[in-house]
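# Close look at the chain arrangement
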Amino acid sequence: MPNHNTHLPGLRYDPSHYRHCWPVYSQAFWWPISAIWGVVSSGVYSVYQRYYEHPRQKNPNKDQKFLGRIAIVTGANSGIGRQTALCLALKGHTVVLACRNRERGLAAEKALNDEVSHAHHASHAGKLVFLQLDLASLQSVETFCEQFKQRFGKLDVLVNNAGLNYSTGPSDDGFDMLFQINYLGHFHLTVKLLPLMKAGRTQITTTTNTSTSTSTSDSKAFASSPFQASTQQKALNSPTREWVLVGNDDDDQKTTQNTTQEARIVCLSSVMHHFGHTDWERAVYSYRESISSYCSSKIAMILFCRALNARLGQHGIRAIAVNPGAVRTNIWRRTPKLLMPLWDAVMRSAFLTSNQGCSTSVFGACDALEDHVDYLSPYWHPSWGSLPFDVMGPYVGAHSVNPTLPNDADKEAERLWRFSEASVRKALEAKNLQRT
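What counts, and where the lines are drawn
Residues numbered from 1 in each chain as written. Predicted model: local features only at pLDDT ≥ 70, side-chain atom pairs only at ≥ 80, totals over all residues. Heavy atoms only, no water. Phe/Tyr/Trp six-rings, centres within 6.5 Å; stacked < 30°, edge-to-face > 60°. Helix = DSSP H or I, 4+ residues; strand = E, 2+ residues; numbered from the N terminus. Buried < 20%, exposed > 50% of the residue type's maximum accessible area, 1.4 Å probe, protein only. Lys NZ or Arg CZ within 6 Å of the ring centre and 35° of its normal. Pairing = 2+ DSSP bridges. Salt bridge = Lys/Arg side-chain N within 4 Å of Asp/Glu carboxyl O. Axes fitted to C-alpha atoms, helices over the stretch in contact; angles between N-to-C directions. Parallel < 35°, antiparallel > 145°, perpendicular 65-115°, else oblique. Left-handed = near helix turned anticlockwise from the far one by under 90°. Contact = heavy atoms within 4.5 Å. Nonpolar A, V, L, I, M, F, W, Y, C, P; charged D, E, K, R; others polar. Core = buried A, V, L, I, M, F, W, Y, C linked by side-chain atoms within 4.5 Å. pLDDT = per-residue confidence, 0-100.

## Considerations on the packing of aromatic side chains
- What the rule picks out here adds up to ten aromatic pairs.
- Between Tyr183 and Phe304, the aromatic rings sit 5.8 Å apart at their centres with planes inclined by 85 degrees, giving edge-to-face as the arrangement. In this pair, Tyr183 sits in helix α5 (residues 177-198) while Phe304 sits in helix α9 (residues 290-312), placing the two residues 121 residues apart along the sequence. In this structure, Tyr183 and Phe304 share a single accessibility class: buried.
- In textbook terms, an aromatic cluster arises when at least three aromatic residues are bridged by ring pairs, as seen for Phe179, Tyr183, Phe187, Trp280, Phe304 and Trp417.
- Over the face of the ring belonging to Trp417 we find Arg311, whose NZ or CZ atom lies 4.1 Å from the ring centre.

Pasting the structure below:
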């Protein structure tokens, strides 16, 4: 088991990095405020709707079909992931259900395909396929990626949905189980699948003049200085926007007839990111600090999206973090039995359904996103604040919100990326040594 006091090589220890966005104990203040807001918000929102502009994000691609696009949804056998997979399939995607439990995954595959076949527009729907994936094992992630590559050869949408809200100790790789499943396993999964998402997706500003086109070499140069270059791209990113394959003919760059849509990476965050810290070594080796690790895994997902966008914007890939909201799913299954009836009554009256909870994920995967948007919430927010409005309130489907991040968010995102790379590499090297 790794020694959590040993810092990874190449990562300078700096206590100033390790800060809470909001201290965890401040939840004692925010939860009552959020509950009060949840009670009065319907009246406030009704007034807002009547006298001011409606804040709901427009959905120009609501009825658009995405036939031929391949999607992966992790944790898709139940809850939000299952509903996300169903919605993507109904829009035409071929959806891979990436689940740990084979029996439950196959059952979900059969049930969802039956549901799709009975839909009123089944002829335009896609299909769902189960592939086994255990995010608590980096080796399982690598096996899954190899199987997916051999079977499908490309990827258009990745929804990093699976998660835990409790810690069960260390994983086989030596990391905190919660942090690995919620973030680090998804990091490795995403990085391994990026070549399948990048293939052929290069933005072209003109089809005839090499001096004004964006070439593949330009994209590689972009990746070498991600955060400086990311500020140069300010445009509407939508899956319906065309990205084209580049070919050379008589020294002039021309486009082929093969066009593709923008790829999307959707990472599930949570309202709990507001209380997360950025001490990544503490998070990855804490083992029993469930609340702390959960909060940090959710802020890590947002920072991960920022790092992805900085690197991949001109490759035709867009990453977005989403808050599904407070949703009644089996993630609450470890609630004490004596309290469960009361808690279930609260969830039925105040929480969102899985169908509502998947709305931000589906929007992030299929609809237009402005370049500055980092985070989507299912609740209405005024423009001047995030808490308590991100906890609960009037459901609006998908609403862009400013997340709570460190002041130096771009630098912190890069530091997280380097820490994640080093952690994964160290764990895989240790596993290889064990085999030999």
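Continuing now.
## Looking at the pairing of strand β4 (residues 157-160)
- On β4, burial covers both faces: Val157 and Val159 on one face and Leu158 and Asn160 on the other are all buried.
- Relative to β4, strand β1 (residues 70-74) runs parallel, the two being bridged by three bridges. The residue of β4 that forms the bridge with Ala71 is Val157.
- Two elements, β4 and strand β8 (residues 263-268), share four bridges in a ladder whose sense is parallel. Bridging across to β8, Val157 finds its partner in Arg264.

## Examining the pattern of salt bridges
- The final tally for this structure, using the stated rule, is eight salt bridges.
- A salt bridge links Glu142 to Lys192; the shortest N-O distance between them is 3.9 Å. One end of the pair, Glu142, is in helix α4 (residues 138-152); the other, Lys192, is in helix α5, with 50 residues separating them in the sequence.
- Since its relative accessible area comes to 24%, Glu142 is described here as partly exposed.
- We classify Lys192 as partly exposed; its relative accessible area is 38%.
- With a shortest N-O distance of 3.3 Å, Asp156 and Lys154 are connected by a salt bridge.
- Asp156 sits in the buried class, given a relative accessible area of 2%.
- Salt bridges sharing common partners tie together Arg306, Asp374 and Asp410.

## Section: the packing of helix α2 (residues 79-90) against helix α3 (residues 102-117)
- With their axes 10 Å apart at the nearest point, α2 and α3 run at an angle of 40 degrees to one another. It follows from the interaxial angle that α2 and α3 lie oblique. The element α2 and its partner α3 pack so that their crossing is right-handed. In this structure, α2 uses Arg82, Leu86, Ala89 and Leu90 to contact α3, whose residues at the interface are Ala108, Ala111, Leu112, Glu115 and Val116.
- When its residues are assigned to classes, the contact of α2 with α3 shows seven nonpolar, no polar and two charged.

## Focus: the sheet that holds strand β2 (residues 94-99)
- In space, the eight strands of this open sheet follow the order β3-β2-β1-β4-β8-β9-β11-β12, with mixed pairing throughout. Both outer strands of the open sheet, β3 (128-132) and β12 (395-400), are each paired with one neighbouring strand and no more. Adjacent strand axes in the sheet meet at a mean angle of 20 degrees, parallel and antiparallel pairs treated alike.
- Packing against the sheet, α3 makes contact with β2 and β3, and its axis sits at approximately 175 degrees to β3.
- Against the sheet, α5 contacts β1, β4, β8 and β9 (317-322), and its axis sits at roughly 175 degrees relative to β4.

## Re the environment of Gly92
- Within the fold, Gly92 resides in the loop between α2 and β2.
- Beyond its immediate stretch of four places on either side in the chain, Gly92 contacts Phe66, Leu67, Gly68, His124, Ala125 and Gly126.

## Here we look at the pairing of β9
- Among the six residues in β9, six count as buried, and that is most of the element.
- Along β9, one buried face is formed by Ile317, Ala319 and Ala321 and the opposite face, lined by Arg318, Ile320 and Val322, is buried too.
- Where β8 meets β9, six bridges bridge the pair, whose relative direction is parallel. Pairing of Arg264 across the sheet is with Arg318, part of β9.

## Observations concerning the nonpolar core
- Among the nonpolar cores identified, the biggest contains 111 residues, and Phe144 and Phe148 are the most heavily contacted of them.
- Discounting chain neighbours no more than four positions away, the residues touching Phe144 are Ile72, Val96, Ala98, Leu131, Gln132, Leu133 and Leu189.

## Some points on the confidence of the model for the protein
- For the protein, the average pLDDT comes to 76, and 68% of its residues sit at 70 or higher.
- Looking at the elements of the protein, mean pLDDT is at its lowest for helix α6 (residues 216-224), recorded as 33, and at its highest for β4, recorded as 98.
- Every residue in residues 242-259 is under pLDDT 50, and counting partners more than four places away or in other chains gives 45 contacts.

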